[in-house]
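Structure assessment
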Amino acid sequence: MLSPDRVAVIVGAVLAVLLQLVLAPYLRLFGAMPNFVIVYTMIVAVSRPQAFGPAMPFVLGLVFDLACGGPVGAMAFSLTLFSYLASKVFSVVDNDTLFMPIAVMGLGMLLTELSYGIFLLLFGYAADLVAAIGYRVLPCFVFDLVIGVILYLLTTRLFRQSGAGHHDVISLR
Amino acid sequence: MNPLLQQNGPSPARNAVFVALLVVSLVAVTVYGREGSTGPLHSVQHIFSVASAQVNSVGAGIGSAAESAGEGIADATASDSTLSALREQNEQLRQMLSNAEEYQKEAERLQGLLDMKQASGVTGPVAHIIGRSANAWDQSITIDLGSDDGVQSGMTILGSTGVIGQVSSTTAKTSTVRLLTDANSGAAVMIQSSRKTGIVRGSITGVLYLEDLDEGVIPEVGDVIVTSGLGGSYQRGLIVGAVVSVNKTASNSTGSIVVSPNDSAALLEEVIVVFSASDIDAVEKQAAEEAARAQPEAEGESEEAGYEDEERSYEEGGE
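Here is what the cut-offs are and how they apply
- Residues numbered from 1 in each chain as written.
- Chains lettered and ligands numbered in written order.
- Predicted model: local features only at pLDDT ≥ 70, side-chain atom pairs only at ≥ 80, totals over all residues.
- Heavy atoms only, no water.
- Helix = DSSP H or I, 4+ residues; strand = E, 2+ residues; numbered from the N terminus.
- Buried < 20%, exposed > 50% of the residue type's maximum accessible area, 1.4 Å probe, protein only.
- Contact = heavy atoms within 4.5 Å.
- Areas by Shrake-Rupley, 256 points an atom, 1.4 Å probe, with all protein chains shown as cover.
- Pairing = 2+ DSSP bridges.
- Phe/Tyr/Trp six-rings, centres within 6.5 Å; stacked < 30°, edge-to-face > 60°.
- Buried area = accessible area lost by both parts, 1.4 Å probe.
- Salt bridge = Lys/Arg side-chain N within 4 Å of Asp/Glu carboxyl O.
- Polar contact = N/O pair within 3.5 Å; in protein donor to acceptor, adjacent residues only side chain to side chain.
- Patch = residues over 30% accessible without salt bridge, like charges linked within 9 Å, V, L, I, M, F, W, Y side chains within 5 Å.
- Core = buried A, V, L, I, M, F, W, Y, C linked by side-chain atoms within 4.5 Å.
- Axes fitted to C-alpha atoms, helices over the stretch in contact; angles between N-to-C directions.
- Parallel < 35°, antiparallel > 145°, perpendicular 65-115°, else oblique.
- Left-handed = near helix turned anticlockwise from the far one by under 90°.
- Nonpolar A, V, L, I, M, F, W, Y, C, P; charged D, E, K, R; others polar.

So, on to the overall build of chain A. Per the secondary structure count, chain A includes six helices and zero strands. Traced from its N-terminal end to its C-terminal end, chain A shows the element sequence α-α-α-α-α-α. Taking all 173 residues of chain A together, 55% fall into the buried category. Restricting to contacts in chain A with at least 6 residues of sequence separation, those with at least 24 account for 67%.

Okay, the overall build of chain B next. Summing up its helical and strand segments, chain B has five helices and 14 strands in all. Within chain B, buried positions represent 34% of all 319 residues. Taking all contacts inside chain B whose residues are at least 6 apart in sequence as the whole, residues at least 24 apart take part in 55%. Total accessible area computed for chain B in this model is approximately 17300 Å², and 55% of it derives from carbon and sulfur atoms.

A few words now on the pairing of strand β10 (residues 224-227) of chain B. Put simply, side chains in a regular strand alternate between the two faces of the sheet. Residues and elements named next belong to chain B. Sheet analysis places strand β7 (residues 186-191) next to β10, joined by three bridges and oriented antiparallel. Along β10, the bridge assignment pairs V189 with T227. Bridging between β10 and strand β11 (residues 239-247) involves three bridges; their strand directions are antiparallel. By the bridge assignment for β11, V226 is matched with I239.

Residues and elements named next belong to chain A. Counted according to the given criterion, the structure contains five aromatic pairs over all chains. Measuring from centroid to centroid gives 5.6 Å for F77 and F119, while their planes differ by 75°, and the two rings are edge-to-face. A residue pair is termed long-range when its members are at least 10 positions apart, and F77 in helix α4 (residues 74-93) and F119 in helix α5 (residues 99-122) qualify at 42 residues.

This paragraph deals with the interface of chain B and chain A. Contact residues are listed per partner, giving 46 residues for chain B and 59 residues for chain A. It is R14, W137 and I204 of chain B that lose the most area in chain B upon contact with chain A, and together they represent 18% of the buried surface on that side. The interface formed by chain B and chain A includes zero salt bridges. Linking chain B to chain A there are 13 residue pairs in polar contact (both at pLDDT 80 or more). Those elements that provide at least two residues to the side of chain B that touches chain A are α1 (3-8), α2 (12-34), α3 (40-82) and β2 (126-132) of chain B.

All names here are of chain B. Along the chain, S185 turns up in the loop between β6 (175-179) and β7. Residue S185 is classed as buried on the basis of its relative accessible area of 8%. What S185 contacts, discounting residues up to four positions off in sequence, is R178, L179, L180, V200, R201 and G202.

On the surface, L2, V7, I10, V11, V14, L15 and L18 of chain A cluster together into a nonpolar patch covering about 560 Å² of accessible area. Mapped onto the secondary structure, V11 of chain A falls in helix α1 (residues 4-22).

Turning to the nonpolar core, a few remarks are in order. Residues Y40 and L60 of chain A together with W137 of chain B are the most contacted members of the largest nonpolar core, which totals 56 residues. For this core, the secondary-structure elements that each account for two or more residues are α1, α2 (36-47), α3 (55-68), α4, α5 and α6 (129-162) of chain A together with α2 of chain B. Take this core: its biggest share by element is 10 residues, from α2 of chain A. In contact with W137 of chain B, not counting residues within four places along its chain, are E113, Y116, G117, L120, Y125, A132, R136 and V137 of chain A together with D182 and I204 of chain B. L208, L210, I272 and V274 of chain B belong to the second-largest nonpolar core, a separate cluster that totals 21 residues.

Our focus in this paragraph is the sheet that holds strand β3 (residues 140-143) of chain B. Residue and element names in this part refer to chain B. One closed barrel accounts for six strands, arranged β2-β3-β6-β5-β4-β13; its pairing is antiparallel. Looking at each pair of strands side by side, their axes are set apart by 45° on average, direction ignored. Note: β2 against strand β13 (residues 270-274), three bridges, orientation antiparallel. Residue V126 lies in a different strand from β13, and its bridge partner there is I272.

With that out of the way, let us pick up the pattern of salt bridges. All names here are of chain B. Following the criterion strictly, the structure yields four salt bridges over all chains and no others. Residues E211 and R201 are paired through a salt bridge, measuring 2.7 Å at the closest nitrogen-oxygen approach. You can see E211 sitting in strand β9 (residues 208-211) and its partner R201 sitting in strand β8 (residues 197-201), a full 10 residues away along the chain. Relative accessible area serves as the criterion here: at 30%, E211 is assigned to the partly exposed category. Residues joined in a network through salt bridges with shared partners are R201, E211 and D212.

Residue and element names in this part refer to chain A. At a closest axis distance of 8 Å, the pairing of α2 and α4 adopts a crossing angle of 30°. In terms of axis orientation, α2 runs roughly parallel to α4. Along this stretch, α2 crosses α4, giving a crossing that reads as right-handed. Packed against α2, whose contacting residues are V37, I38, T41, M42, A45 and V46, the element α4 presents M75, L79, F82, S83, A86, S87 and F90 at the interface. Among the residues making up the contact of α2 with α4, the classes are represented as 10 nonpolar, three polar and no charged.

All names here are of chain A. It is at 8 Å that the axes of α1 and α2 come closest, and there the two elements cross at 160°. Viewed along their axes, α1 and α2 adopt a mutual orientation that is roughly antiparallel. Of α2, the residues touching α1 (which contributes A8, V9, G12, A13, A16, V17, L19 and Q20) are F36, V37 and Y40. Residue composition of the contact of α1 with α2, grouped by class: nine nonpolar, two polar and no charged.

So, in structure tokens, the structure goes:
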């Protein structure tokens, strides 16, 4: 039987995929668009790192690869690796401030976008690394970070208000 | 410190799963890269892309539904606040005007496509854009016609004023179109005035570059670029865009030539799938014949008008 916490994480994951398929294409700005799958995985990595371990990022990444195009396994690899590292790093550097989860989350997003971009370049995407970073990785990262911060603050506040699982959520100071 | 991490900590089993999933991902990437487009991973991806296209089309529906709901809420608020029959009538008229404007815009778009079909001599159905790529690295759209409607991979897609891309994959009911502005797109083209051939390539910035021109051929700003049909990837004689800048560099004798696409897929809602196109030479020949045919008729008309004038002046003089 799944705990309510895990059910919430699964529902969130499904919502992230739906948002990516339905909403993200209409948010394209100067070639960049947010990646709700990355945003959601990184939020979970810093707020509920033990909820699903590496399985949830892997499955989400694989679904992204299959549904949104690109080499199958590229996003799965990037999300699994960097969400795991983000949760590990966060467990070490967390100092109960708001800055630290956002910084770790942002770093995870940046490395995931960069790693995915490198995979695409290896698969023959017609651009050089500098252009790829300048025109896709960084703009997409900024988009992800802005949405990530908003969603992180909302979910944290929501959990604090409901009082459910408050011990799992980072306290805001 | 996160209490959950402190309490549980990463177990060896979890680490093993983590490493295993990374290995599986890398194996999948390697297999995907080595297998052909008919390989198992590509096939699974194709099935998922069909499903995601359906979800994506729901997104377009949600967008218009949200718009209608917003209008409905605004209408309801207005009638509640005013309770005036005149205001209600005003709202109804506004709604009708809004609908009429929507129909007018759609009619203008379709007229534009029809004009484009007639001008370029293409045959093919009009398709609605039902989805756009959910991956920032990919510039593609999904249309509501598929292999059941006769659409095949490689077919050219036209907007209201020019080529916008090519069908990259099809399902029974939908097709994915890779836009010309995608970094991995390319089309064999020629400069309409000089007939010199080259390749128009998309880029990560979304700008089209004209490359691979013959040595020493430098187009002028404003030169029209049309598809050449070489290689068979695009139908011949369709307008791609116009040269907007030519920057000659030391490393490249023809310089960096930027082409402004005639049409932007971001603004389109309908497109034409080109099943066949008249050969450009035939089109030009036909246009020349029509012009030649029109000239004697015009001369004939002017002669007739001259006779009428003479008769009129004769009659006036007689009176």
